[in-house]
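# A look at the structure
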Amino acid sequence: MNKRCVSLDVLRGLTVAMMIVVNNPGSWSHVFPPLRHAPWEGCTPCDLVFPFFLFCVGASMAFALAKYTSLTGQAVRKIIKRGCLLYLTGFALTAFPFYPEVSSMDPDLSFFRNYVEWLSGLRLVGVLARISMCYVLGSVLALWLKETKKIWCAIGVLSVLHVALLLLFAGPEGAFSLEGSFARRLDLFLLGDQHMYHGYTNSEGLHVAFDPEGLLGALTGTCTVLLGYLTGRMIREADSNAGLSDVVAKLYTFSALSLLGGLALSIWIPISKPLWSVSYVFYSGGWAMSVLAFCMYLIDVKGIVKPFFPFMALGMNALALYVLSGLLMKINWRYIGWDYTSIFGTGEGMSLLFALLYMLFHLAVAVLMYRKKIFIKL
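Residues numbered from 1 in each chain as written. Predicted model: local features only at pLDDT ≥ 70, side-chain atom pairs only at ≥ 80, totals over all residues. Heavy atoms only, no water.

## Section: the overall build of the protein
Threshold: In this description a helix means any DSSP run of H or I spanning at least four residues, a strand means any run of E spanning at least two, and both kinds are numbered starting from the N terminus. Radius of gyration means the value over C-alpha atoms here, while the globule rule gives 2.2 Å times the residue count to the 0.38 power. Only protein chains enter the accessibility calculation, which uses a 1.4 Å probe; a residue is then buried when its area is under 20% of its type maximum, exposed when over 50%, and partly exposed in between. Per-residue accessibility takes into account occlusion by the displayed protein chains alone, with areas from the Shrake-Rupley method and a 1.4 Å probe. Positive residues here are Lys and Arg, negative ones are Asp and Glu, while His and the chain termini are left out of the count. The atoms used to mark charge sites are NZ of Lys, CZ of Arg, CG of Asp and CD of Glu.
Within the protein, the secondary structure is distributed over 14 helices and 2 strands. The C-alpha atoms of the protein give 21 Å as radius of gyration, which agrees with the globular expectation for 378 residues (21 Å, within 12%). The principal-axis extent of the C-alpha atoms belonging to the protein is close to 70 × 50 × 45 Å. Looking at the 378 residues of the protein, the share that counts as buried comes to 52%. For the protein, the accessible area works out to roughly 17,800 Å², and carbon and sulfur atoms hold 67% of it. Computed over 29 positive and 21 negative side-chain charges, the separation of the two mean positions in the protein equals 16 Å.

And the structure:
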């Protein structure tokens, strides 16, 4: 199938729209409850957003890498270049506006020393860093292994390796706990406490360093990418609308098996987004396949495209609009200081309204970019 898979663009756009809503509630003190992440174990609707995006990355890879028949030097260079650009974009977004706030500087230190202190506290990983790592590893494995059975074996090996490392190097608090996980200890060793996320609290209510986009989770994050890749390859190889109908049927079957597999694994391995646990991979992957199958049936099989056009436009400029949403919010925090509560109030419903309006603004920008044929890619 040579034509573009519109449903994949739509799913990517829907995912980015949800990312904008989840990341920009206006005030973190008044978040609409369904848009809160599970504290550690479990899975809320917003816990599905990031794996959906990684799934879309993998599905898009099936089309982008189709011109390569093997893992050539040219392919590796292109993969690594794109992975580095993704990481640097994420780090630049974290560091923006690239200097510390004057109010936070120590007056007893020089500007240079203050700047070094600020750099030493920047977070080194994040959403785009996780995407870059999983994209590179997933692309290399997909081109190297080629065959579907071998790629499934790679998913199995990465999953077993992730669980084995968590169990073998667990702390006394437990293999799948916040403070006892090997994922945290690995990041502390390689990244350092000051370069990690500090949003999680332990049983005593104290904030501790744990990065939900840390290094170990890149193994299972790659599994999510490979699930998307195998799905994208099925779509690419479909030769007609009838073939797509068969893909839709297969996806519903695979999604059910993946969901059941994730729930079964959760008996022993908790579903946990911060750990990106194996059960979470298959549980979230099952939902991603199911939603993509639904979109494919409506859009690619039945031809109902018009209602989904804004999300298609957003999906075709997903990275640019995601970065823009982060930049605009940081500019407001740093330079403008506008408080949404001055208009919307402090209720959770008003917080949701602000997040939706902020998302709709970016949806409008995406449509304008599409109309002007502006497509920003890395």
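## Some remarks on the nonpolar core
Using the following cut-off: To qualify as a nonpolar core, a set must consist of buried Ala, Val, Leu, Ile, Met, Phe, Trp, Tyr and Cys residues joined through side-chain atoms within 4.5 Å. Residue contacts follow a heavy-atom distance rule, with two residues in contact if any of their heavy atoms lie within 4.5 Å.
Ranked by internal contacts, the top residues of the largest apolar core, which has 116 residues, are Ile131, Leu216, Leu226 and Met296. Ranked by residue count, the leading element in this core is helix 10 (residues 278–301), at 14 residues. Not counting chain neighbours up to four residues away, the residues in contact with Met296 comprise Ser7, Ile235, Leu244, Val247, Val248, Leu251 and Val301. Counting residues in hydrophobic clusters, the runner-up holds 5 residues, among them Val125, Leu191, Met196 and Ala209.

## So, the packing of aromatic side chains
How we decide: Aromatic pairs are defined between Phe, Tyr and Trp rings, using the six-membered ring for Trp, whenever the two ring centres lie within 6.5 Å; interplanar angles under 30 degrees are classed as stacked, those over 60 as edge-to-face, and all others as tilted.
Applying the stated criterion across every chain, the model contains 14 aromatic pairs. Both rings, one in Trp40 and one in Tyr200, keep their centres 5.7 Å apart while their planes meet at 90 degrees; by these two values the pair is edge-to-face. Of the two residues, Trp40 sits in the loop between helix 1 (6–23) and helix 2 (49–64) while Tyr200 sits in strand 1 (residues 200–201), which places them 160 residues apart along the sequence. Ring centres of Trp40 and Phe210 lie 5.0 Å apart, and the angle between their planes is 70 degrees; this geometry places the pair in the edge-to-face category. Placement of the pair is Trp40 in the loop between helix 1 and helix 2 and Phe210 in the loop between strand 2 (207–208) and helix 8 (217–237), with a sequence separation of 170 residues.

## Some details on the pattern of salt bridges
We apply this condition: We define a salt bridge as a side-chain nitrogen of Lys or Arg found within 4 Å of a carboxyl oxygen belonging to Asp or Glu.
Taken as a whole and assessed by the stated rule, the structure comprises 5 salt bridges. Here Arg12 makes a salt bridge to Asp9, at a shortest N to O gap of 2.8 Å. Residue Arg12 and its partner Asp9 are both found in helix 1; the two are separated by 3 residues, about one turn of the helix. Note on Arg12: relative accessible area 11%, which makes it buried. The partner of Glu147 in a salt bridge is Lys150, with the nearest N and O atoms 4.0 Å apart. A relative accessible area of 46% means that Glu147 is categorised as partly exposed. For Lys150, a relative accessible area of 41% corresponds to the partly exposed category. Because the salt bridges share partners, they merge into one network encompassing Arg123, Asp211, Glu213 and Lys273.

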